[in-house]
Amino acid sequence: MNCELLFFLRQKMFGCIAICFFVAFTAFAQDGDRGKSVNFSLEQCIRMATDSSLQAFKAQNLFLSAYWEFRTYKAGRLPSVSLNFTPLQYNSNFTKRYDYAENVEVYRLQQSVSSSGGLSVSQNFEPTGGSFTLSSNLDYMHNFGENIRSQYSSVPVRLGYSQSLFGFNRFKWEKKTAPLKYEKARKQFLYSREDISETAAGYFFNLAMAQAEYRMARENVLSADSLLAAGKERSRIATISQADLMTLELDLLNAENAMENSTTQLQKTSFEFISFLALLIKYR
């Protein structure tokens, strides 16, 4: 089955189940004094998990890395334009020259100001792995000293081709591997989102079950406490045996122990749920 269709069906299934289930937390304001109850449906939890959880952040960055790598590959197939420009360059140095009149070597100061600019367009050639270059440049130089002169140099059009004599054709292999790598990263991203949704659903139902067990344990404690109170009243008029009264006390202790266990389990599942969704929420 196509991964996009599988992901769509799984999201729709979670959306239908989310109508019947929700979990509740107590969210605190920044002052920490007052809080309000916040309910989360399964659909909201999955949406938050696929948007802001640590696993979602990791999956998104891996996909973005592959995406920009693919964009770089696509950009390498397009022509590239480069402009080189040197507005002003001053040169001053002493050069040793031979003086024929005096028959000696002397040092003479040479000073010049130059300026240059060039424009080039390059295009990679996939069949051979080489690169064509079309360029043009203009240079200007002005000399100071005894012989003052200005010079211009220009190359209107220059066409070149560079080719590596050894090695493989990188462009040819990139054409085969780059789309496959990107498609793999895209499908991996979809599968990662599906896996995150499944994990979020697991945490959600674990917490919902823990809340249900906690409420049931609390009701059992209230019920056992009411039965014990009624048993004590009946023991005053001798309508219940001491053994039955002790049994009611034992039932209350068992119910309180079960409530402690369910409270611990609820806190554990709440912490796991909050940590997975990276929520700034505290259960109370």
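The shown structure was predicted, so the numbers you read here are calculated from the model rather than taken from an experiment.

K.L.:
Can you lay out the packing of aromatic side chains for me, pointing to particular residues and giving the numbers?
P.N.:
If you walk through the whole model with that rule in mind, you get 11 aromatic pairs. On the numbers, 6.2 Å between centres and 35 degrees between planes, the contact of Phe63 with Tyr182 is tilted. Of this pair, Phe63 sits in helix α3 (residues 54-76) while Tyr182 sits in helix α4 (residues 170-236); the two residues are 119 residues apart in sequence, bridging distant segments of the chain. Here Phe70 and Tyr73 contribute two aromatic rings whose centre-to-centre distance is 5.7 Å and whose plane-to-plane angle is 40 degrees, an arrangement assigned as tilted. Taken together, the residues span about one helical turn, with Phe70 and Tyr73 both in helix α3 at a distance of three residues. Both residues of the pair, Phe70 and Tyr73, belong to the buried class.

K.L.:
Which residues make up the environment of Leu42, and what values do they have?
P.N.:
If you trace the backbone, Leu42 turns up in helix α2 (residues 42-52). For Leu42 and Ser197, which are 155 residues apart along the polypeptide, the C-alpha to C-alpha distance reads 9.7 Å.

K.L.:
Give a description of the packing of α4 against helix α5 (residues 242-277) that names residues and reports values.
P.N.:
Their axes nearest at 8 Å, the elements α4 and α5 cross at an angle of 160 degrees. One finds that α4 runs roughly antiparallel with respect to α5. Considering only the axes of α4 and α5, their crossing is left-handed. Taken together, the residues of the contact of α4 with α5 break down into 21 nonpolar, 11 polar and eight charged.

K.L.:
Describe the packing of α2 against α3, with residues and values.
P.N.:
Axes are the key here: two packed helices are described by the angle between their axes and the distance separating the axes. In the contact formed by α2 and α3, the axes pass within 5 Å of each other and the chain directions differ by 45 degrees. With respect to α3, the element α2 is oriented oblique. Seen from α2, the contacting residues are Ala49, Thr50, Asp51 and Ser52; seen from α3, they are Leu54, Ala56 and Gln60. Its residues placed into classes, the contact of α2 with α3 shows three nonpolar, three polar and one charged.

K.L.:
Can you lay out α2 for me, pointing to particular residues and giving the numbers?
P.N.:
Considered for burial, the residues of α2 that qualify are Leu42, Cys45, Ile46, Ala49 and Thr50. Along α2, the residues classed as buried sweep out an arc of 125 degrees about the axis, all on the same side.

K.L.:
Give me the side chain of Ser131: which residues, what numbers.
P.N.:
Looking at the secondary structure, you find Ser131 in strand β5 (residues 130-144). Owing to a relative accessible area of 15%, Ser131 belongs among the buried residues under this scheme. Excluding residues within four positions of it along the chain, Ser131 makes contact with Ser122, Gln123, Asn124, Phe125, Gly160, Tyr161 and Ser162.

K.L.:
Go over the pattern of salt bridges, please, and point to the residues and values.
P.N.:
One pass over the full model with this rule turns up seven salt bridges. Counted as one network, the salt bridges with shared partners bring together Arg77, Glu126, Arg170, Glu174 and Lys175.

K.L.:
Could you give an account of α5, naming the residues involved and the relevant values?
P.N.:
With 36 residues, α5 should cover 52 Å at 1.5 Å per step; its first-to-last C-alpha distance of 52 Å lies within 8% of that length. By the burial criterion, the buried members of α5 are Leu245, Leu248, Leu252, Ala255, Ser262, Leu266, Thr269, Ser270, Phe273, Ile274, Phe276 and Leu277. Two residues or fewer past α5, Ala278 is found with a positive phi of approximately 55 degrees.

K.L.:
Explain the environment of His142 residue by residue, including any values.
P.N.:
Tracing the chain through its elements places His142 in strand β5. Measuring from C-alpha to C-alpha, the distance between His142 and Ser112 comes to 5.4 Å, with 30 residues separating the pair along the chain. A distance of 2.7 Å separates the side chain of His142 from the side chain of Ser150, its partner in a polar contact.

K.L.:
So what about the sheet that holds strand β4 (residues 104-125)? Which residues, and what values?
P.N.:
One key point about sheets: their strands pair by backbone hydrogen bonds, in either a parallel or an antiparallel sense. Spatially, β3-β4-β5-β6 is the arrangement adopted by the four strands of the open sheet, whose pairing is antiparallel. On the outer flanks of this sheet lie β3 (80-99) and β6 (149-162), each paired with one strand and no other. Recorded for the sheet is a direction-independent mean angle of 15 degrees between the axes of neighbouring strands. Pairing analysis gives 12 bridges linking β5 to β6, with the strands arranged antiparallel. Looking at the pairing, Ser135 lines up with Arg158 of β6.

K.L.:
Quick one: what's the story with the nonpolar core, residue by residue and with numbers?
P.N.:
Where a protein is soluble and globular, its nonpolar side chains tend to be buried together. One finds Cys45, Ala49, Phe273, Phe276 and Leu277 to be the most contacted residues of the largest nonpolar core, which totals 17 residues. Looking at this core, the elements with two or more residues in it are α2, α4 and α5. Per-element tally for this core: the top contributor is α4, with seven residues. When residues no more than four places from it in sequence are discounted, the contact partners of Cys45 are Phe40, Ala200, Phe204, Phe273 and Leu277. Core analysis: the second largest hydrophobic core is formed by eight residues, Val221, Ala224, Ile240 and Leu252 among them.

What counts, and at which threshold
Here the residue numbering is sequential within each chain, running from 1 through the sequence in written order. Where local features are concerned, this predicted model is filtered to residues with pLDDT of at least 70; where side-chain atom pairs are given and counted, the filter is 80 or more; whole-chain, interface and lining totals use all residues. Processing note: side-chain calculations cover all non-hydrogen atoms of the structure and skip hydrogens and water entirely. Two rings from Phe, Tyr or Trp (for Trp, the six-membered ring) form a pair when their centres sit within 6.5 Å of each other. Planes less than 30 degrees apart are called stacked, planes more than 60 degrees apart edge-to-face, and all others tilted. Helix and strand definitions follow DSSP, with helices as H or I runs of at least four residues and strands as E runs of at least two, each counted in order from the N terminus. Each residue gets one of three labels from its accessible area relative to the maximum for its type: buried under 20%, exposed over 50%, partly exposed in between, using a 1.4 Å probe on protein chains only. Interaxial angle, 0 to 180 degrees, is taken between N-to-C directions of lines fitted to C-alpha atoms, where a helix line uses only the stretch in contact. Each angle gets one of four labels, with under 35 degrees taken as roughly parallel, over 145 as roughly antiparallel, 65 to 115 as roughly perpendicular, and the rest as oblique. Each crossing gets its handedness from the near helix: less than a right angle anticlockwise from the far helix is left-handed, clockwise is right-handed. Classes in brief: Ala, Val, Leu, Ile, Met, Phe, Trp, Tyr, Cys and Pro nonpolar; Asp, Glu, Lys and Arg charged; the others, Gly included, polar. Only heavy atoms matter for contacts: two residues are in contact if any of them lie within 4.5 Å across the pair. Read the arc as the range of directions from the helix axis to the C-beta atoms. The salt bridge criterion pairs a side-chain nitrogen of Lys or Arg with a carboxyl oxygen of Asp or Glu, the two atoms within 4 Å. How far a helix is expected to stretch is found by multiplying one less than its residue total by 1.5 Å. Here a polar contact is taken to be a pair of N or O atoms separated by no more than 3.5 Å, where protein atoms must pair a possible hydrogen donor with a possible acceptor and residues adjacent in sequence count only if both atoms sit in side chains. Pairing between strands is defined by DSSP: at least two bridges between the two strands are required. We define a nonpolar core as any set of buried Ala, Val, Leu, Ile, Met, Phe, Trp, Tyr and Cys residues linked to one another through side-chain atoms lying within 4.5 Å.

Interpretation in functional terms is not warranted from these geometric data alone.
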